[in-house]
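So you can see what is in the structure, the chains are spelled out below.
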Amino acid sequence: MAKTAMLAKPPVSDRMRSIKRVLWVILFLNLGVAAAKYFYGMATGSAAMQADGIHSVFDSAGNVIGLIGIALASRPADESHPYGHAKFETYASLAIGILLLLAAFEVGSSAAGKLISQNYTAEVTPFSFIVMIATLCVNLGVTFYERRRGKELRSEVLSADASHTLSDALVSIGVIVGLVFVSFGFPAADPIVALIVTVAILATAYDVFKHAFATLSDHARIPDEELNAFVMGIPGVKEAHRIRTRGTEGEVYVDLHVCVDEDMTVGAAHDLSEQVEDAIKLKYPQVIEVLVHIEPDDGHRD
């Protein structure tokens, strides 16, 4: 006997709206940070500041892609997508990863060109440090806020973007260090730091791809042993096996086989399956659907 949970789903639409609000706030902050770093970098000839500004621009582009992905992911299930459209959030994360690769190429090629030509044009002024420190503070604030909301909402886009923004903050620290070296008469430090920026962007891209591929490859979202131990604690369950979980971090699907006393009536088995479904959803709020297969505890397992 199999039964799919028919309880009301968690407020997925509310979750999506919350993610959208966060992305809009981060978008405007990133645009402001990008403009400050890039245009001041152009004015002073600092490759590292321009590179950091480009990185922030791609942060903003990632926010736009995230908004598009969330808009698609929030659409309800239909005949073509009976499990809904939640993976569009994951596809948006992949697109952000591709943008990061493009950003790494842009930043790295520019820095390499300056090192090869030895054309060092960076000028350091007190205002350079003011701009970088101010934007660094914004980036750190954005990272803390976005990471906290990403955990609360179990959002792949927010979590990936928070890591991206953190890398931007670390890059800003590197730029500040580079400016210090330039001010002490080491102009080559500017493009060298820009190359370090490139490595940071590539590392961020790897992290984004890793998390996206985990979802697209149906990586288990809840450890089997953990879920099995929990289900075995429900009265009436003799054994649980063939436990499978998949989906995005915010929308998890579970199916499992539960063995019950072979003398249990159909009605009692039906009630137990509902108890198992309700208990799993209460324990794991990210679970939106549970499929329970009831089997007699006769010593044979399929």
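Residues numbered from 1 in each chain as written. Predicted model: local features only at pLDDT ≥ 70, side-chain atom pairs only at ≥ 80, totals over all residues. Heavy atoms only, no water.

### Here's the deal with the UniProt feature "transmembrane region" (unreviewed entry) in the protein chain
Sequence positions flagged by UniProt for "transmembrane region" (unreviewed entry) are, in local numbering, residues 21-41, 53-73, 94-112, 124-145, 166-186 and 192-209. For the annotated span residues 94-112, helix accounts for 100% and strand for 0% of the residues, and the straight-line distance between the end C-alpha atoms is 27 Å. Span residues 192-209 is 100% helix and 0% strand, its end C-alpha atoms 26 Å apart. (UniProt positions renumbered as here; feature names shortened; annotations may be inferred. Helix = DSSP H or I, 4+ residues; strand = E, 2+ residues; numbered from the N terminus.)

### Section: the pairing of strand β3 (residues 252-260)
Taken across its 9 residues, β3 has 9 buried, putting it largely inside the fold. The two faces of β3 match: Val252, Val254, Leu256, Val258 and Val260 on one face and Tyr253, Asp255, His257 and Cys259 on the other face are all buried. Judged from the 7 bridges that link them, strand β2 (residues 239-247) and β3 form a sheet pairing that is antiparallel. Each bridged residue has a counterpart across the sheet, and for Arg244 the counterpart in β3 is Asp255. With antiparallel pairing between neighbouring strands as the criterion, β2 and β3 make up a hairpin whose turn holds 4 residues. Bridge analysis of β3 against strand β4 (residues 287-296) gives 9 bridges, and the strand direction is parallel. Bridge pairing in β4 places Asp255 opposite Leu291. In the classification by handedness, the crossover that spans β3, the intervening helix α8 (residues 266-283) and the parallel β4 is right-handed. (Buried < 20%, exposed > 50% of the residue type's maximum accessible area, 1.4 Å probe, protein only. Pairing = 2+ DSSP bridges. Right-handed = clockwise from strand over helix to strand, strands pointing away.)

### Here we look at the packing of helix α3 (residues 87-117) against helix α6 (residues 189-216)
Running from N to C, α3 and α6 point in directions that differ by 160 degrees, and their axes come no closer than 8 Å. By the criterion of interaxial angle, the relationship of α3 to α6 is roughly antiparallel. Helix-helix and strand crossings are classified by hand; for α3 and α6 the assignment is left-handed. Split into classes, the residues belonging to the contact of α3 with α6 amount to 24 nonpolar, 7 polar and 2 charged. (Axes fitted to C-alpha atoms, helices over the stretch in contact; angles between N-to-C directions. Parallel < 35°, antiparallel > 145°, perpendicular 65-115°, else oblique. Left-handed = near helix turned anticlockwise from the far one by under 90°. Nonpolar A, V, L, I, M, F, W, Y, C, P; charged D, E, K, R; others polar.)

### A few points about unusual backbone geometry
The phi dihedral of Asp218 falls on the positive side, at around 60 degrees, and the residue is not glycine. Accessibility expressed as a relative area gives 35% for Asp218, which makes it partly exposed. Phi is positive for Arg242, which is not a glycine, with a value near 50 degrees. Residue position: Arg242 is located in strand β2. Judged by its relative accessible area of 45%, Arg242 is partly exposed.

### Describing the nonpolar core
What tends to happen in soluble globular proteins is that the nonpolar side chains get buried as a cluster. Counting residues in each nonpolar core, the largest one holds 38 residues, and the members touching the most others are Ile19, Leu23, Leu100, Leu158, Val175 and Ile201. For this core, the secondary-structure elements that each account for two or more residues are α1 (12-44), α2 (47-73), α3, α4 (126-153), α5 (156-183) and α6. Counting residues in each nonpolar core, the second largest holds 21 residues, with Ile243, Ala269, Tyr284 and Ile294 among its members. (Core = buried A, V, L, I, M, F, W, Y, C linked by side-chain atoms within 4.5 Å.)

### Quick look at α6
Counting along an α-helix, one turn takes 3.6 residues, and residues three or four places apart therefore face a common direction. Over its 28 residues, α6 runs 41 Å from end to end, which matches the ideal 40 Å to within 8%, given 1.5 Å per residue. Positive backbone phi, at 60 degrees, marks Asp218, one or two positions downstream of α6. (Expected span 1.5 Å × (residues − 1).)

### A short note on the packing of aromatic side chains
Throughout the structure, instances matching the rule amount to 4 aromatic pairs. Pairing Phe209 with Phe213 gives two aromatic rings, centres 6.0 Å apart and planes at 15 degrees, and the pair type is stacked. Note that Phe209 and Phe213 are positioned in helix α6 at a spacing of 4 residues, about one turn of the helix. A relative accessible area of 17% means that Phe209 is categorised as buried. (Phe/Tyr/Trp six-rings, centres within 6.5 Å; stacked < 30°, edge-to-face > 60°.)

### Comments concerning the pattern of salt bridges
Scanning all chains against the criterion turns up 5 salt bridges. In this structure, Asp218 and Lys87 form a salt bridge, with 3.3 Å as the shortest nitrogen-oxygen distance. Placement of the pair is Asp218 in the loop between α6 and α7 (224-232) and Lys87 in helix α3, with a sequence separation of 131 residues. As a salt-bridge pair, Arg244 and Asp255 come within 3.1 Å of each other at their nearest N and O atoms. Here the residue Arg244 occupies a position in strand β2, and Asp255 occupies one in strand β3, the gap between them amounting to 11 residues. What makes Asp255 buried here is its relative accessible area of 17%. Connected through salt bridges with shared partners, the residues Arg148, Arg149 and Glu152 form a single ionic network. (Salt bridge = Lys/Arg side-chain N within 4 Å of Asp/Glu carboxyl O.)

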